[in-house]
Amino acid sequence: MPAPVIEAGHPVNLTATGNVGAAARDCTLLGFFVNSTNVGTLVLRVGGSGGTALGTITPAAGAFYRYPMACPGGLHATIGGTALDVTFLIVPGHA
């Protein structure tokens, strides 16, 4: 019988634009939880602040978004709009 897959990540909370985890460090994003928002937007970039933008997300407060992806060179989040408090679940050092 195969072992179960356990998805567990390191939580990183952001309320302003910045790197999710260590700058320029590979990681895997499992997803993110929106703690609160007031018309906030989120732009994820793979490879740091100058990396490839994946589009603009307008998330709902209290929602978990499963967003599994490899992030070679790190993950950067641009938080726009009025306010957004989001917790990312990542696996550092793995992309």
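Residues numbered from 1 in each chain as written. Predicted model: local features only at pLDDT ≥ 70, side-chain atom pairs only at ≥ 80, totals over all residues. Heavy atoms only, no water.

Draft legend 1. Looking closely at the overall build of the chain. When helices and strands are tallied, the chain shows zero helices and six strands. Along the chain, from the amino end to the carboxyl end, the secondary structure elements read β-β-β-β-β-β. Taking 95 residues into account, the globule formula puts the C-alpha radius of gyration at 12 Å, and the chain, at 13 Å, falls close to it. With the C-alpha coordinates of the chain rotated into their principal frame, the extents come out at 50 × 30 × 20 Å. A buried classification covers 34% of the 95 residues belonging to the chain. (Helix = DSSP H or I, 4+ residues; strand = E, 2+ residues; numbered from the N terminus. Rg over C-alpha atoms; globule rule 2.2 N^0.38 Å. Buried < 20%, exposed > 50% of the residue type's maximum accessible area, 1.4 Å probe, protein only.)

Draft legend 2. Structural detail: the side chain of Thr-87. Within the secondary structure, Thr-87 sits in strand β6 (residues 75-92). A residue is classified by how much of its surface remains accessible, and Thr-87, at 18% relative accessible area, is buried. Here Asn-35 takes part through its side chain, which lies 2.9 Å from a polar atom of the side chain of Thr-87. The residues contacting Thr-87, other than those within four sequence positions of it, are Pro-11, Val-12, Asn-13, Gly-31, Phe-32, Phe-33 and Asn-35. (Polar contact = N/O pair within 3.5 Å; in protein donor to acceptor, adjacent residues only side chain to side chain. Contact = heavy atoms within 4.5 Å.)

Draft legend 3. Here's a closer look at the side chain of Thr-28. Within the secondary structure, Thr-28 sits in strand β3 (residues 27-46). The class for Thr-28 is buried, based on a relative accessible area of 14%. Contacts of Thr-28, omitting those with residues within four sequence positions, involve Met-69, Ala-70, Leu-89, Ile-90, Val-91, His-94 and Ala-95.

Draft legend 4. Inspection of the environment of Ala-95 at higher detail. Along the chain, Ala-95 falls in the segment after β6. Accessibility expressed as a relative area gives 48% for Ala-95, which makes it partly exposed. Taking the C-alpha atoms as reference points, Ala-95 and His-76, 19 residues apart in sequence, are found 14 Å from one another. Not counting residues within four places of it along the chain, the set of residues in contact with Ala-95 comprises Asp-26, Cys-27, Thr-28, Ala-70, Cys-71 and Pro-72.

Draft legend 5. Representation of the packing of aromatic side chains within the structure. Counting across every chain of the model gives three aromatic pairs. An angle of 45 degrees between the planes, with centres 5.8 Å apart, marks the rings of Phe-32 and Phe-88 as tilted. Remark: Phe-88 occurs in strand β6 and Phe-32 occurs in strand β3; sequence separation between them is 56 residues. The exposure class of Phe-88 is buried, given its relative accessible area of 0%. Here the aromatic residues Phe-32, Tyr-65, Tyr-67 and Phe-88 are joined through ring pairs into a cluster of three or more. (Phe/Tyr/Trp six-rings, centres within 6.5 Å; stacked < 30°, edge-to-face > 60°.)

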